[in-house]
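Okay, here's what each chain looks like letter by letter:
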Amino acid sequence: MSSQVARVLATVNELQSTAELVDILYYEVSGRRLDGFSRASTGCRDDVAPDDDTAEIELMQRLEGDTIDIRLRALVVTGQGRLIADVAAVFRTPEQVSVPPEVVSEFAKVVATPIVRPYLREAIHQTAVRLGIDAPLLSILDSRERTFWQMKRRDAAP
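Before going into details, it helps to say that this report is about the structure given with it. (Residues numbered from 1 in each chain as written. Predicted model: local features only at pLDDT ≥ 70, side-chain atom pairs only at ≥ 80, totals over all residues. Heavy atoms only, no water.)

Attention now goes to the pattern of salt bridges. By the definition in use, this model includes six salt bridges. Across the pair Asp35 and Arg33 runs a salt bridge, and its minimum N-O distance is 2.9 Å. Asp86 serves as the salt-bridge partner of Arg71, at 2.4 Å between the closest nitrogen and oxygen. Linking Arg71 in strand S4 (residues 67–77) with Asp86 in strand S5 (residues 81–92), this pair joins segments that are 15 residues apart in sequence. The class of Arg71 is partly exposed, set by a relative accessible area of 24%. Shared partners join several salt bridges into a network, and the residues in it are Glu28, Arg71, Arg73 and Asp86. (Salt bridge = Lys/Arg side-chain N within 4 Å of Asp/Glu carboxyl O. Helix = DSSP H or I, 4+ residues; strand = E, 2+ residues; numbered from the N terminus. Buried < 20%, exposed > 50% of the residue type's maximum accessible area, 1.4 Å probe, protein only.)

When you line up the elements, Thr18 lands in helix H1 (residues 12–18). One polar contact links the side chain of Thr18 to the main-chain carbonyl oxygen of Glu14, over a distance of 2.8 Å. Excluding residues that lie within four positions of it along the chain, Thr18 makes contacts with Arg7, Leu9, Arg92, Thr93 and Pro94. (Polar contact = N/O pair within 3.5 Å; in protein donor to acceptor, adjacent residues only side chain to side chain. Contact = heavy atoms within 4.5 Å.)

Moving on, we come to the packing of aromatic side chains. With the rule as written, the count across this model stands at one aromatic pair. An angle of 75 degrees between the planes, with centres 5.0 Å apart, marks the rings of Phe91 and Phe107 as edge-to-face. Taken together, the residues Phe91 in strand S5 and Phe107 in helix H2 (residues 101–131) connect sequence positions 16 residues apart. For Phe107, a relative accessible area of 1% puts it in the buried group. (Phe/Tyr/Trp six-rings, centres within 6.5 Å; stacked < 30°, edge-to-face > 60°.)

With that out of the way, let us pick up the pairing of S4. Burial analysis of S4 places nine of its eleven residues in the buried class, which makes it a mostly covered element. Alignment of strand S3 (residues 54–64) against S4, held across eleven bridges, turns out to be antiparallel. For Met60, the partnering residue across the bridge sits in S4 and is Arg71. Joining the antiparallel neighbours S3 and S4 is a turn of two residues, in which Gly65 adopts a positive phi near 60 degrees. In this structure, S4 lies alongside S5, joined through eleven bridges in antiparallel fashion. Bridge pairing in S5 links Arg71 to Ala88. In textbook terms, the turn of a hairpin is the stretch between consecutive antiparallel strands, and for S4 and S5 this stretch comprises three residues. (Pairing = 2+ DSSP bridges.)

Glancing now at the sheet that holds S3. One open sheet accounts for four strands, arranged S2-S5-S4-S3; its pairing is antiparallel. Among the strands making up the open sheet, the edge pair consists of strand S2 (20–33) and S3. Averaged over all pairs of adjacent strands, the angle between strand axes in this sheet comes to 10 degrees, irrespective of strand direction. Contacts from H2 reach S2, S3, S4 and S5 within the one sheet, and its direction differs from that of S5 by about 140 degrees. (Axes fitted to C-alpha atoms, helices over the stretch in contact; angles between N-to-C directions.)

A cluster of nonpolar side chains, Tyr26, Val29 and Tyr119, forms an exposed patch at the surface whose accessible area comes to about 270 Å². Mapped onto the secondary structure, Tyr26 falls in strand S2. Residue class for Tyr26 comes out partly exposed when judged on its relative accessible area of 40%. (Patch = residues over 30% accessible without salt bridge, like charges linked within 9 Å, V, L, I, M, F, W, Y side chains within 5 Å. Areas by Shrake-Rupley, 256 points an atom, 1.4 Å probe, with all protein chains shown as cover.)

Put into structure tokens, the structure is as follows:
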């Protein structure tokens, strides 16, 4: 029985030149209008009142053998609704690799996030449109930002 040693990729550039994007996966796309529901039935966390506009984006990554999954999960709560999108980019390498956690983390931020954001943006936007509520806009990608969502009301001037 032969034991294959994983190739070590020590930089984001090495990982980027080796990994190929093979799929975009949706883990969850959901939304709920908040009118017509009592506060207890909104499904919102206890610390978020339905009239508070809040947004959270969680970045997750997983490396297993020759596969790297980078996921972005967004929860957006406005006075009109609650929207969730959870989208992943799946990358594969031609062989099993070993990558330090900090390199995977940097790869997630620099390479994968710009790939996943348009899918996340579209899922949140289309869900809001289907529900007939104001669609939040995902701002331009800037890693220095703390707030990623901008709320634009239908009745607001352009």
